Amino acid sequence: MLVVPERLIAGLIGPDEAFDAVAEVFRQTAGGLARNFPVVREALGGGRQYGFKSGLGPDALGVKAGGYFPGNAARGITNHQSVVTLFDPQTGRPEAMIGGNLLTALRTAAAAAVSIEALARPEARVLGILGAGHQAAFQLRAAARVRSFERVIGWNRTPARLAGLAAVATELGLPFEAVPPERLREAEVIVTVTSSTTWTLGIEHVAPGTHLACMGTDTIGKQEVEPRLVARTRVFTDEVAQAATLGEAQHAVAQGLLDPARITPLGAVLAGDAPGRESADQITLYDGTGIGLQDIAVAARVLSLARDRGLAIPVEI
Ligand code: NAD
């Protein structure tokens, strides 16, 4: 078995490769070439979440094990901790174990960027970001790759965290302004990436024609967007079953405001099997729940690059 430790991942893969790998997963799932398995996600108490995301792609089988541990930031380590294990799809033999922390951030940001590229209005110039935790900077970098944004506005419950996001915007040559949620209405694309359990983004905070990439809600009970707003949008997702039960759509579905049959897999849009945005005024919403196939795809890409460069470490198990 080969090991690619967390410390090597940053030198092997970045937003470009992650975008390509994740876009490919959307197409594979739409074409029936890849299958995502049901998520196991358990609350450990104190806000800690632990679970497994797994799936089978055309040439990859794997699982990401790990979770979210909100006390970690205070210890100087990432709140998300995970590892991806890849297996030979024919024999089931363990093939590789790959650090999953940076990969999770890259693939989540890539999925949002794929949705922005497919669904946001081409002329979008203002990017809004709700949430300024670990994941937010990755979202900003990935979003900036797919639209010619001219400025970024953002809000976080703890305003001090916005300084980090502002620094990344500056690095990308984009002016950044900290704004209250009401002013997110100025944005044509809004990425939500908080750990909130009550909604912040209401109907009055979003202008017609906006694309929302909702990435924070990946567990039962989390929530970022008012359910009445979700119900008014055209909803897309990576996995309909997950969106309806543990994604942002869970609340609108539970309240009878949204029929899960109205949620469109984004892969179907990329494959040309379903329409994307239907008018300049339509609000589109990508409910990014995060699927094992995305983790497996970026991990397989890393493994291949590490092998090519002789960096993968062989171990006997
Ligand atoms: P983090 O803990 O580093 O940051 C979360 C931030 O959200 C904190 O700064 C907090 O102050 C802020 N926040 C919480 N409630 C808020 C509210 N109501 N309004 C504004 N800000 C608020 O977490 P992270 O690593 O940045 O991840 C953010 C969220 O994304 C988490 O819920 C995480 O589980 C989720 N996530 C989803 C996926 C996916 O595939 N969909 C992948 C990775 C992370």
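Remember, predicted model here, so these are calculated numbers, not experimental data.

### A short note on the site of the ligand
- Neighbouring residues of the ligand: 24 residues in total, closest Tyr-68, Arg-107, Gln-135, Lys-222 and Gly-288.
- At 3.1 Å from a nitrogen atom of the ligand is found a side-chain nitrogen or oxygen belonging to Thr-200.
- The contact in question runs from an oxygen atom of the ligand to an N or O atom on the side chain of Asp-218, over 3.3 Å.
- Contact with the protein chains covers 95% of the free accessible surface of the ligand, which is 860 Å².
- Going through the elements one at a time, α4 (101–119) and α5 (134–146) are the ones with two or more residues in the shell around the ligand.
- Taken together, the residues of the shell around the ligand sort by class into four nonpolar, 16 polar and four charged.
- Split by domain, the residues of the shell around the ligand number at least three in each of domain 1 (2–104 + 293–314) and domain 2 (121–290).

### Looking at the side chain of Thr-219
- Mapping Thr-219 onto the fold places it in the loop between β12 (211–214) and α7 (227–232).
- Thr-219 gets classed as buried once you look at its relative accessible area, which sits at 7%.
- Of note is the side chain of Thr-219, whose polar atom sits 3.1 Å from the side chain of Asp-218.
- Those residues in contact with Thr-219 that sit more than four places away from it in its chain are Arg-41, Gln-49, Leu-246 and Gln-250.

### Description of the sheet that holds β12
- With parallel pairing, the eight strands of this open sheet are ordered in space as β10-β9-β8-β11-β12-β15-β13-β14. Sheet topology places β10 (176–178) and β14 (264–265) at the edges, where each strand pairs with a single neighbour.
- Here strand β9 (residues 151–155) runs beside β10; their pairing, made up of three bridges, is parallel. Across the sheet, the residue bridging to Val-152 is Phe-176, located in β10.
- Contacting β8 (126–130), β9 and β11 (189–192), α5 runs over the sheet at an angle of about 160 degrees to β8.

### Some points on the packing of aromatic side chains
- Inspection of the entire model under this criterion finds two aromatic pairs.
- On the numbers, 6.2 Å between centres and 70 degrees between planes, the contact of Phe-26 with Tyr-286 is edge-to-face. Here the residue Phe-26 occupies a position in helix α2 (residues 15–30), and Tyr-286 occupies one in strand β15 (residues 284–287), the gap between them amounting to 260 residues.
- Among the residues examined, Tyr-286 registers a relative accessible area of 0% and is labelled buried.
- Consider the rings of Tyr-50 and Phe-52, whose centres lie 5.5 Å apart with planes at 70 degrees: the pair is edge-to-face.

### Considering the layout of surface pockets
- Considering only enclosed or pocket space, the largest pocket measures out at about 1,000 Å³ in volume.
- Surrounding the largest pocket, 49 residues form its lining, Tyr-68, His-80, Val-193, Thr-194 and Ser-195 being those nearest its centre.
- Looking at the lining of the largest pocket, the elements that each hand over two or more residues are β3 (40–45), β4 (48–56), β5 (61–68), β6 (80–87), α4 and α5.
- Its residues assigned to classes, the lining of the largest pocket comprises 14 nonpolar, 26 polar and nine charged.
- Here the second largest pocket is characterised by a volume of approximately 360 Å³.
- Lining the second largest pocket are 20 residues, and of these Asp-59, Ala-60, Ile-296, Ala-297 and Ala-300 lie nearest its centre.
- Of all the secondary structure elements, the ones that give two or more residues to the lining of the second largest pocket are α2, β6 and α11 (292–308).
- It is α11 that contributes the most residues to the lining of the second largest pocket, eight residues altogether.

Conventions and cut-offs
- Along each chain, residues carry numbers from 1 onward, in the same order as the chain's sequence is written.
- Where local features are concerned, this predicted model is filtered to residues with pLDDT of at least 70; where side-chain atom pairs are given and counted, the filter is 80 or more; whole-chain, interface and lining totals use all residues.
- Each side-chain value is derived from all of the structure's non-hydrogen atoms; neither hydrogens nor water enter the calculation.
- Working definition: residue near molecule or strand if any one of its non-hydrogen atoms lies within 4 Å of it.
- Any pair of N or O atoms that falls within 3.5 Å is considered a polar contact. Within protein, one atom must be able to donate a hydrogen and the other to accept it, and sequence-neighbouring residues count only if both atoms are side-chain atoms.
- The protein chains shown are the only cover counted for residues, whose accessible areas, like all others here, come from Shrake-Rupley with a 1.4 Å probe.
- Under the DSSP-based scheme used, a helix requires at least four consecutive residues in state H or I and a strand at least two consecutive residues in state E, with every element numbered from the N terminus.
- The residue classification treats Ala, Val, Leu, Ile, Met, Phe, Trp, Tyr, Cys and Pro as nonpolar and Asp, Glu, Lys and Arg as charged. All others, Gly included, are polar.
- Domain boundaries shown here were taken from an automatic or database domain assignment.
- A 1.4 Å probe rolled over the protein chains alone gives each residue an accessible area, and that area as a share of the maximum for its type sets the label: buried under 20%, exposed over 50%, partly exposed in between.
- Two residues qualify as a contact provided that any one of their heavy atoms is within 4.5 Å of a heavy atom in the partner residue.
- Only strands joined by at least two bridges in the DSSP assignment are considered to pair.
- Axis lines are fitted through C-alpha atoms, for helices just across the contact stretch, and the angle between N-to-C directions can take any value from 0 to 180 degrees.
- The rule is short: rings of Phe, Tyr and Trp, with Trp giving its six-membered ring, pair when the centres are within 6.5 Å, and they are stacked under 30 degrees, edge-to-face over 60, tilted in between.
- The definitions used throughout rest on a 1 Å grid laid over the protein atoms alone, on which a cavity is an enclosed set of points accommodating a 1.4 Å probe that cannot get out and a pocket is an open set flanked by protein within 12 Å on both sides along at least five of seven lines; lining residues are those having an atom within 4 Å of a point.
- Grid points are joined across faces, edges and corners, and a volume is the space filled by probe spheres set on the points.

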